[in-house]
Amino acid sequence: MKRRNFLKGVLYGTGGTMAVMGGFGTFNRRDPLKAEAISEDVETTVFSSCEMCRNQCPISVKVRDGKVFKIDGHPNDEAFGGVICARGNAGPSLLYDPQRIKKPMIRTGERGEGKFKEVSWDEAYTYIADNLYKVKDEYGGEAIALASRKGPHDWFFRSIGKALGSPNVFSHEATCPMARTVALDTTFGNEAFAADYGNAKYIISIGRNWFEGIHVAQARAVSKALSNGAKLVVLDPRFSVTASKGEWLPIKATTDMAFVMAMANVMIQEKLYDESFISQYTEGFDKWAEEVKDKTPDWAEKETGIPKEKIIRISREFAAAKPKAILDFGWRTGYATNDYQLRRAIMIVNMMIGNLEVPGGYYRTKPASFLKDFPDQAAYAKGLGNVKQPSFPTPTKGRIDGTGVKGTLGQIIPAYDGAVGQIVESIITEKPYPIKAWLVHRFNPYISITGSPRVLEAFEKLDLLVTCDVYMTDTAYYSDVVLPECTYLERYEPVFDMSGLTPKYVIRQPAVPLVYPDTKPYWQIYKELGEKMGLGDYFQFKDMEDFITQQLTSTGLTLANMKEIGVWTPPGMKAFYVRANDAQASLDNVLGNKSKKIEIFSQEVEEAAKQGVPKYVSHPQPEEGKFRFVQGKVAVHTNAGTANIPILNELMSTNSLWMNTVSCTKLGLNDGDDIVISSGKYEQKGKLKMTEGIRPDTVFCYHGFGRISPELKRAFGKGINDNYLIPNEVGEIGNTVTSTTFVTIRKA
Ligand SMILES: Nc1nc2c(c(=O)[nH]1)N[C@H]1C(S)=C(S)[C@@H](COP(=O)(O)OP(=O)(O)OC[C@H]3O[C@@H](n4cnc5c(=O)[nH]c(N)nc54)[C@H](O)[C@@H]3O)O[C@H]1N2
Ligand SMILES: Nc1nc2c(c(=O)[nH]1)N[C@H]1C(S)=C(S)[C@@H](COP(=O)(O)OP(=O)(O)OC[C@H]3O[C@@H](n4cnc5c(=O)[nH]c(N)nc54)[C@H](O)[C@@H]3O)O[C@H]1N2
Ligand code: SF4
Ligand SMILES: [Mo]
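Residues numbered from 1 in each chain as written. Chains lettered and ligands numbered in written order. Predicted model: local features only at pLDDT ≥ 70, side-chain atom pairs only at ≥ 80, totals over all residues. Heavy atoms only, no water.

(A) Structural detail: the site of ligand 1. Taken together, 32 residues lie around ligand 1, and Arg208, Asn209, Arg332, Lys633 and His637 are the ones closest in. In the model, an oxygen atom of ligand 1 is placed 2.6 Å from a nitrogen or oxygen of the Lys633 main chain. With respect to ligand 1, the backbone of Val634 contributes an N or O atom lying 2.9 Å from a nitrogen atom. Within the complex, 99% of the 920 Å² of free accessible area of ligand 1 lies under protein. The element contributing the most residues to the shell around ligand 1 is strand 25 (residues 627–632), with three residues. In the shell around ligand 1, the residues fall into 13 nonpolar, 10 polar and nine charged. (Near = heavy atom within 4 Å. Polar contact = N/O pair within 3.5 Å; in protein donor to acceptor, adjacent residues only side chain to side chain. Areas by Shrake-Rupley, 256 points an atom, 1.4 Å probe, with all protein chains shown as cover. Helix = DSSP H or I, 4+ residues; strand = E, 2+ residues; numbered from the N terminus. Nonpolar A, V, L, I, M, F, W, Y, C, P; charged D, E, K, R; others polar.)

(B) Main features of the nonpolar core. One finds Leu132, Trp288, Phe318, Val349 and Tyr526 to be the most contacted residues of the largest nonpolar core, which totals 128 residues. With residues up to four places along the chain from it excluded, the contact list for Leu132 reads Ile144, Ile160, Leu164, Ala437, Leu439, Leu464 and Met533. By size, the runner-up hydrophobic cluster in this structure holds 44 residues, among which are Ala145, Ile400, Val424 and Met472. (Core = buried A, V, L, I, M, F, W, Y, C linked by side-chain atoms within 4.5 Å. Buried < 20%, exposed > 50% of the residue type's maximum accessible area, 1.4 Å probe, protein only. Contact = heavy atoms within 4.5 Å.)

(C) View of the packing of aromatic side chains. If you walk through the whole model with that rule in mind, you get 29 aromatic pairs. An angle of 45° between the planes, with centres 4.7 Å apart, marks the rings of Phe277 and Tyr281 as tilted. Residue Phe277 and its partner Tyr281 are located together in helix 9 (residues 275–281), separated by four residues, close to a single helical turn. Overall, Tyr281 belongs to the buried group, its relative accessible area being 4%. Between Tyr682 and Tyr724, the ring centres sit 5.6 Å apart and the planes meet at 85°, which makes this aromatic pair edge-to-face. Of this pair, Tyr682 sits in the loop between strand 27 (674–678) and strand 28 (683–691) while Tyr724 is found in helix 25 (residues 722–725), placing the two residues 42 residues apart along the sequence. Using a relative accessible area of 28% as the deciding quantity, one classes Tyr682 as partly exposed. The exposure class assigned to Tyr724 is partly exposed, which follows from its relative accessible area of 22%. Aromatic ring contacts, followed pair by pair, group Trp155, Phe156, Tyr522, Trp523, Phe541 and Phe547 into a single cluster. In this structure, Lys366 is placed above the aromatic ring of Phe576, and the distance from its NZ or CZ to the ring centre is 5.7 Å. (Phe/Tyr/Trp six-rings, centres within 6.5 Å; stacked < 30°, edge-to-face > 60°. Lys NZ or Arg CZ within 6 Å of the ring centre and 35° of its normal.)

(D) Representation of the site of ligand 2 within the structure. Taken together, 27 residues sit near ligand 2, with Ser448, Asp469, Glu485, Lys633 and Asn723 positioned nearest. Between ligand 2 and Glu485 there is a distance of 2.7 Å, counted from a nitrogen atom to a side-chain nitrogen or oxygen. Here Asp722 contributes a side-chain N or O atom positioned 3.4 Å from a nitrogen atom of ligand 2. Considering ligand 2 on its own, with 910 Å² of exposed area, one finds that the protein chains cover 97% of that surface. Among the secondary structure elements, those contributing two or more residues to the shell around ligand 2 are strand 19 (464–469) and helix 25. Along the lines of polarity and charge, the residues of the shell around ligand 2 split into six nonpolar, 13 polar and eight charged.

(E) The UniProt feature "domain: 4Fe-4S Mo/W bis-MGD-type" (unreviewed entry) in the protein chain, seen in detail. As recorded in UniProt, the feature "domain: 4Fe-4S Mo/W bis-MGD-type" (unreviewed entry) lies at residues 43–99. With 16% helix and 40% strand, residues 43–99 has its two end C-alpha atoms placed 27 Å apart. (UniProt positions renumbered as here; feature names shortened; annotations may be inferred.)

(F) Representation of the sheet that holds strand 5 (residues 67–73). With antiparallel pairing, the three strands of this open sheet are ordered in space as 3-4-5. Of all the strands in the sheet, the pair left with one neighbour each is strand 3 (43–49) and strand 5. The average angle at which neighbouring strand axes cross in this sheet is 30°, direction not considered. Pairing of strand 4 (residues 58–64) with strand 5 involves six bridges; the strand directions are antiparallel. Bridging from a neighbouring strand, Ser60 pairs with Asp72 of strand 5. (Pairing = 2+ DSSP bridges. Axes fitted to C-alpha atoms, helices over the stretch in contact; angles between N-to-C directions.)

(G) Structural context of the packing of helix 8 (residues 256–269) against helix 11 (residues 297–304). Their axes nearest at 9 Å, the elements helix 8 and helix 11 cross at an angle of 170°. In terms of orientation, helix 8 lies roughly antiparallel with respect to helix 11. Between helix 8 and helix 11, the residues in contact are Ala258, Phe259, Ala262, Asn265 and Val266 and Pro297, Trp299, Ala300, Glu303 and Thr304, respectively. Residues that form the contact of helix 8 with helix 11 fall into these classes: seven nonpolar, two polar and one charged. (Parallel < 35°, antiparallel > 145°, perpendicular 65-115°, else oblique.)

Dropping the structure here:
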């Protein structure tokens, strides 16, 4: 293996630029094994996948003398192009961080006092098992809640809760894309859709910030479209990095649906939509046309603050680019309470230009199970198998969040995800019944769920709080038991299905042995805990090599193949769009609903909320002296995950509050001032950033700061925790809502 150029392949979006530029030379400076002192002979490459965020980009890990010294993108994955982002590059900084948790711990002091004793794994399992059974005996299995960031760990983690008869198993999705998921489910009967940015000629972002809220393949595809001359329009109340690359429309937050409905209004008035697509594939268009009849650009200008001429021009440009145009459906989608209706409206406008299953539009992802039904593609349909599990006991009570209750909005919440914020409310109010134990995996409710003070109040009331993480996070700090997981660079995981326009499988395998020998991978933790609890039948595999072998049986691939190649796509298969060669091709396999139509009018949403077609809801705007508070991602950090990682903390150790220059002047505030942000009952201190890059009625901060665990020694006490200021009020489908809070600002 030849020494690779350190300056290759880092996708780094920041401060208005996105360029392929240098990696962190600082690794060598920090690494005791200096690059120049190491012989080339002992260098190996391990193909795996990144976990610095949940995108799981395929990576190529360079190891010398048993140490990871560099991570690149996987060279053979076209969508990722051998590139990773700044956070992915910082993997070794996490791996070798002496501040990681290294041993299981049990609380000895008061909750939140930070006093723990190190224990053996067996002691930790025994403590958890005894206390879970105690809660189950006293209150029933339903009094145990589980929450994790959605991912491959779910199979193992969730088995514990489900085996104890709990219906209250949650993902993080209600804090993230759930409004979009519900919109897709209720419109297409299926949520597995993606956008083909790379081939688009016109892209409109509704707050989607590809160059800071990074997904490497998406950022590359949008960049490719831009280099090919595509036009980008960005609706965002602040000037994001993405806004800097297109036409920025500083929209009033929470009014996006007015813009989208006015687009539909113009397109119908001027007959710019694809009538044959609408008549062949959709139902309920007449009701939508009726709904948007009075949603004129004039009206939308008043709602959104965007001049009507721009709305009309953009609607025409968008329609003229059909079908290679994308009105983006967003990623983190919880701006206002009825966000799922905004996302439905967005997809309806997309369908008006017939941009489904064609290059440059939206497509259903193509896992093997999908391809089976297409004779030309069936040869590529080599599906992953499941590892067998006995059935779980049927819970005796319904879920605390009302998921699945017919005739209510609970009916349309995805049962796999649920409304995670409800755990906090049910602990505190004991309604509909008490939650007494909470198991948390790879998730930090204190930072991630709106209403941090309420989350703390909930922690206080629990009989048992268990957290499995790589750091002593804020939530871990309040826990009874803390389980130290090893990092992604030290473990195997199930083979991951990352299908897009073709099927794709990605492996995660250890690049190096355990750095801290008393940490373990999640699959081992939950298997051993399950066995300790007498639930071993749910974990019928010897180790992860065995698990993967069971998964791969029906694919014809082996563990050895996957270890060697890292990423697999069917050789010879081309990107598959169902309507690429036949504009009238059937979409029956793409649509998961009974009607086999794109449901512009959704009977299900009508029954649940009397909103069969999306209806406009006007959200309050801030009065004089108050500001709307919005937040977002920054290129060099991940959510609640990376604030304490040495190299990333060094790059950015805190956040500040963005405020428009005019508003600063009115309040007599200056750049860099120490300020207090108040949302009424709750306050946070911070620093002010004076900028032209935000609407005068809005303030903004990057998310993930304001940490309260003193064990996060680099991040502790620095910056603003947005969720401390935002109440734990949820949207109509139980999603967290983060753009509806108003704040006042004063000098500290
Ligand atoms: N570097 C980095 N990349 C990440 C992540 C990360 O933490 N760091 N996280 C990953 C995850 S989990 C996700 S979900 C994605 C998120 O990716 P995105 O959804 O693109 O990102 P966000 O930063 O959450 O939100 C984008 C923008 O929404 C704007 N905004 C707020 N309210 C409104 C509104 O009402 N209307 C409009 N039009 N705009 C509004 C904010 O100003 C912000 O700039 O990024 C992923 N990638
Ligand atoms: N106000 C406001 N709230 C938000 C957002 C916002 O923009 N504004 N963003 C929302 C979004 S989009 C999301 S997705 C959520 C994200 O919320 P979370 O899922 O809580 O955030 P993450 O940063 O993904 O990571 C959670 C935890 O995983 C841990 N971790 C990392 N690697 C491992 C591992 O290998 N094993 C284990 N066991 N743990 C590991 C990290 O240390 C971290 O504590 O937050 C949401 N909350
Ligand atoms: S987007 Fe960056 S941090 Fe996330 S998985 Fe990919 S390389 Fe890692
Ligand atoms: Mo997210």
